[in-house]
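Inside the fold
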Amino acid sequence: MGAPPSPAAGRVFARPARRPLAALAALVALLAVGAGVLSGLRPPAPVPADAPAEEFSAGRAYTHLPVVAGRTHVAGSPANDAVRAHLETVLRGLGLETEVQDTVAEEAGQLSGAAGGATLARVRNVIARLPGTGPTGTVFLVAHYDAVQTGPGGNDDGAGVATILEVARALTSGPRPRNDVVLVLTDAEEACLCGASAFAADHPLAAGKGVVLNLEARGRTGPVIMFETSPRNAALVDVFGRAAPHPVGTSFAVEVYRALPNDTDFTAFLDHGFVGLNSAYLDGGAIYHTPLDTPASIDRASLQHHGDNALGLAREFGRIDLGALRSGHDATYFPVPGGLARYPGWLVLPLALLALAGVLALGWLARRRGRVTVGRLAAGFGLALVPIVVAPVGAQLLWAAVTAVRPGYAELLDPYRPIWYRSAVLALAAAVLFAWYALTRRRVGPAALAIGGLGWLALLGVLLAVLAPGGAYLATVPALAGVLAGLLAVATRVDGPVPVIAVTVGAAVAVVVLLPTVVLLFPALGMEMGGVAALFAVLLGLAALPVVDLLHPEAGGQRGLVALRARRLGALPAGAAALAAVVFAGVGLAVDRFDAAHPTPTHLMYALDAGTGQARWLSHESAPQPWTDGYVDGPVSVADDFPGLGGGDLLGGPAQAATLPAPRLDVLADTTTAGERTLRLRLTPQRQVRLVTLHVDTSTAEVRRAEVAGRPVPVEQRAGRWGFGVVFHAPPAEGVEITLTVTPRDGQVRLRAMDASDGLEDVPGFRPRPPGVGIAGSHTSEMLAVARTYPL
């Protein structure tokens, strides 16, 4: 007879008689579930241009993109005028009531930050209306047709515009909807969200509010994620879950987006009381806002995903009573194979507390059944924190090492070919988890470690329920599944099939809940924050710890060489994962090299003081690339000379002075009443520019009131010499009228005027970029600024 099993052998949830077979079956089951989860996140296949008229076709939508995104078309440029003319022609050709809203509007959100006062733009929104048969409200389909100055905007947001044009065609080829459908193709989104702000605040069609579907992109591929909603979203999410053919969305994304310094046109609509959904695809962020964002870069599957969902939602919102869309609560929701799981927000905290209570109950029952002791439970809980901390820190250190080798990554949202680095982070997280488990399982016991891991999941669920309720499901649901699996395993024979089935099902729930988050976090946050994905990968591993245990030799009962062999076998998963992490990172460095098709991003500006004749090159690169290093030689501050550029850290170097005029400042009226001086001014660019700025030296006067193009603007003075300013995007050729009411501090008021255009090719001393050196995706890349001080 063999030796009886040691006490350690009983400290498990499952001890199947045929351990290798059970481990293989559990792994195959989890891999199958994971494959189904990943399949559900894939965009649909693109539909060709000869599809039935009532369907959305990425092939038909794509035909608009050579015109909409054939070249750079910043707001106010002739190229943008040509895009707008195409949109008008297409929409009128569909028989829609079409108009252009030509007005001046203020910034929505907090994008510019450089003005120290107000940011405005002249905008020309294209608006088309499909009247409903008996409207209860209005459905607004929104995308912006302008692009940044550094790229043609094929994805951002040519794809959204093309999607709306094709959705409009599909809607007009069938029965008219019950509710009005209004297409809002906005201007100056990249500058200041001013087009959306103008429509939401002032247009008659916006007066009754309604539901907004905003379409965006921050990459070139991947699934379209519904990542933002208006508050009290339960009814909206219910429509999204049943009407979007491919519903990929998570309430955790809403929480993440709220914490990031980002805004879209959706922000302006939220500020004015609209309800709605904001959707975008995010992967392939290396091309974002760069010259590589061309129509050819667009993944037509992502375009199809945008269109299928937008058309399905437009039809459903066009059918239902829109008066009932404001629920009393937010919903928790996340993707599952075949659809969208959702439950009411008021359940979030009770479920989190139930999971915590369940972990305590599982610990109590496991102790009564002899699977754990109080000491081992405490040790398991304390030790389970180790991989939760070490894996994210390790991922961040890994990326720091990669960027030390390849510093050009610092200017990219994500590498051009990120899959290898993402795989390295996941392999590193697995290595940390496996190594930790191999080192602790024999001493503490598998059951105690599994319960300790569930304890941290449950605690995190309670914490998220309080601080970020939309993300609590990520910890609470796997914890509940793990608790139920553990209770079932502890209550039955340890060597029977039930424990293996129970822990496999519990792990499968964790895969369904957590795997999409791990996958989607990489493109959402970029490799710079890969540690966040590593954290959730480790949480998934902790939730699946009883299955991980099946990969190891049975705990306890071994002596001598047998025990040594068991320990070596237990170390194999950790060693294999660590080796994979190194290999993946190495392959990433070998494969993802900068070349002409994947250039190193570089940032450069030129700033000229027309009053003094002094000029300088500027760059926001912290560690300049060799090409940039030829222009800049050290840190500089431009806050006093070019307040319109903001106060960020810059590198600078001397430049030849170009023969360029500063914007002209004309005094139209100058009156003084009761100690207040009112200056009516006209600021006129003397060349083709995309913005003008005017700042007041607040050591010479305190600004009381201000108007721009007849619109009162807020007066919020900041610290520094130029304490108040105005930034105006897309200025008309005849200039912008600005009225300032000030209290002079001495006899002279000093004003600093600046304008900015795009393109450095004609600047003296500029050397064209060689192949393999590209332009960074920044709102100030290639900016040419000219400034002058006017004493009045």
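Keep in mind it's a predicted model, so treat the numbers as computed, not measured.

In terms of helices and strands, the chain carries 21 helices and 24 strands. Against the globule reference of 28 Å for 792 residues, the chain gives a C-alpha radius of gyration of 30 Å, in line with a compact fold. On the principal axes, the C-alpha backbone points of the chain span a range of 105 × 65 × 55 Å. Taken over 792 residues, the chain has a buried fraction of 59%. Sequence separation of 24 or more characterises 81% of the internal contacts of the chain that already satisfy a separation of 6 or more. Here the chain has roughly 29,900 Å² of accessible surface; of this, 61% comes from carbon and sulfur atoms. Treating the 61 positive side-chain charges of the chain as one cloud and the 63 negative ones as another, the clouds have centres 13 Å apart.

Turning to the environment of glutamate 737, a few remarks are in order. In this fold, glutamate 737 is placed in strand β21 (residues 736–744). Looking at glutamate 737, the relative accessible area reads 27%, which means it is partly exposed. Sequence separation between glutamate 737 and leucine 589 is 148 residues, and the spatial gap between their C-alpha atoms is 53 Å. Sequence-distant contacts of glutamate 737, that is, excluding residues within four places in its chain, are made with Leu668, Arg680, Leu681, Arg682, Glu707, Val708 and Ala709. Among the polar contacts made by the side chain of glutamate 737, one reaches the side chain of arginine 682 at a distance of 3.5 Å.

To continue, consider the state of the cysteines. Per the counting criterion, the structure on display carries 1 disulfide. Each disulfide pairs two cysteine sulfurs, and for cysteine 192 the partner residue is cysteine 194, the sulfurs being separated by 2.0 Å. Looking along the S-S bond of the cysteine 192-cysteine 194 disulfide, the torsion reads about -130°, which is the left-handed sense. Accessibility assignment for this pair places cysteine 192 and cysteine 194 in one class, buried.

All right, on to unusual backbone geometry then. A cis amide bond links aspartate 156 with the next residue in sequence, aspartate 157, at an omega value of 5°. Residue position: aspartate 157 is located in helix α5 (residues 154–172). Here the phi dihedral of histidine 289 falls at roughly 60°; this positive angle occurs in a residue that is not glycine. Within the secondary structure, histidine 289 sits in the loop between β7 (275–283) and α11 (300–319).

Now for the pairing of strand β24 (residues 783–791). Walk down a regular strand and you will see the side chains alternate between the two sheet faces. Direction of pairing for strand β11 (residues 605–609) relative to β24: parallel, over a ladder of 4 bridges. For alanine 607, the partnering residue across the bridge sits in β24 and is alanine 785. By the bridge criterion, 9 bridges tie strand β22 (residues 750–758) to β24 in an arrangement that is antiparallel. The residue bridging alanine 756 from the neighbouring strand is alanine 785, located in β24.

Right, let's talk about the pattern of salt bridges for a bit. What the rule picks out here adds up to 32 salt bridges. Here arginine 319 makes a salt bridge to glutamate 316, at a shortest N to O gap of 2.6 Å. Linking arginine 319 with glutamate 316, this pair stays in helix α11, spanning 3 residues, or about one helical turn. Taken together, the salt bridges that share partners define one network made up of Asp238, Arg242, Glu316, Arg319 and Arg342.

This next bit is on the packing of aromatic side chains. Under the defined criterion, the tally for this structure stands at 21 aromatic pairs. Centre to centre, the rings of phenylalanine 334 and tyrosine 473 are 4.6 Å apart; their planes meet at 5°, and the pair counts as stacked. You can see phenylalanine 334 sitting in strand β8 (residues 331–336) and its partner tyrosine 473 sitting in helix α16 (residues 473–491), a full 139 residues away along the chain. In this pair, the class of phenylalanine 334 matches that of tyrosine 473, namely buried. Measuring from centroid to centroid gives 6.1 Å for tryptophan 436 and tyrosine 437, while their planes differ by 45°, and the two rings are tilted. Both residues of the pair, tryptophan 436 and tyrosine 437, belong to the buried class. Three or more aromatic residues link up through ring pairs in this structure, and these residues are Trp399, Tyr409, Tyr416, Tyr421 and Phe594. When the ring centre of phenylalanine 642 is taken as reference, the NZ or CZ atom of arginine 752 above it lies at 5.7 Å.

Summarising the model, the chain shows a mean pLDDT of 93, and 95% of its residues fall at 70 or more. A low-confidence stretch, residues 1–10 stays under pLDDT 50, and its non-local contacts, those more than four residues away or across chains, total 10 contacts. Here residues 111–115 is a poorly scored stretch, pLDDT under 50, and it has 19 contacts once near neighbours within four places are set aside; other chains count.

Rules used throughout
- In every chain, residue numbers begin from 1 and rise along the written sequence.
- The predicted nature of this model means local features are confined to residues of pLDDT at least 70 and side-chain atom pairs, given and counted, to a pLDDT of 80 or more, with totals for whole chains, interfaces and linings taken over all residues.
- By convention in this description, side-chain values take in all heavy atoms of the structure and omit both hydrogens and water.
- Here a strand is any run of E in DSSP of at least two residues, a helix any run of H or I of at least four, and the numbering for each starts at the N terminus.
- The reference for a compact globule is 2.2 Å times residues^0.38; the radius of gyration itself is calculated from the C-alpha atoms.
- Accessibility here uses a 1.4 Å probe with only protein chains present; expressed as a share of the type maximum, an area under 20% marks a residue as buried, one over 50% as exposed, and anything in between as partly exposed.
- Contacts are assigned to residue pairs with any non-hydrogen atoms lying within 4.5 Å of each other.
- Here the accessible surface of atoms and residues is derived via Shrake-Rupley with a 1.4 Å probe, and residues count as covered only by protein chains that are part of the display.
- His residues and chain termini do not enter the charge count, which takes Lys and Arg as positive and Asp and Glu as negative.
- Where a charge sits is defined by one atom per residue type, namely NZ (Lys), CZ (Arg), CG (Asp) or CD (Glu).
- Identification of polar contacts relies on pairs of N or O atoms within 3.5 Å, with a donor-acceptor requirement for protein atoms, meaning one able to donate a hydrogen and the other able to accept it, and with residues adjacent in sequence counted only if both atoms are side-chain atoms.
- In what follows, a disulfide is any cysteine sulfur pair within 2.5 Å.
- Two strands qualify as a pair provided DSSP detects at least 2 bridges between them.
- Salt-bridge detection follows one rule: a side-chain nitrogen of Lys or Arg within 4 Å of a carboxyl oxygen of Asp or Glu.
- By convention, a stacked pair of Phe, Tyr or Trp rings (six-membered ring in the case of Trp) has centres within 6.5 Å and planes under 30 degrees apart, an edge-to-face pair has planes over 60 apart, and any other such pair is tilted.
- Note on criteria: charge over ring means Lys NZ or Arg CZ within 6 Å of the ring centre, with the direction from the centre no more than 35 degrees off the ring normal.
- As a per-residue quantity, pLDDT reports the predictor's confidence and falls between 0 and 100.

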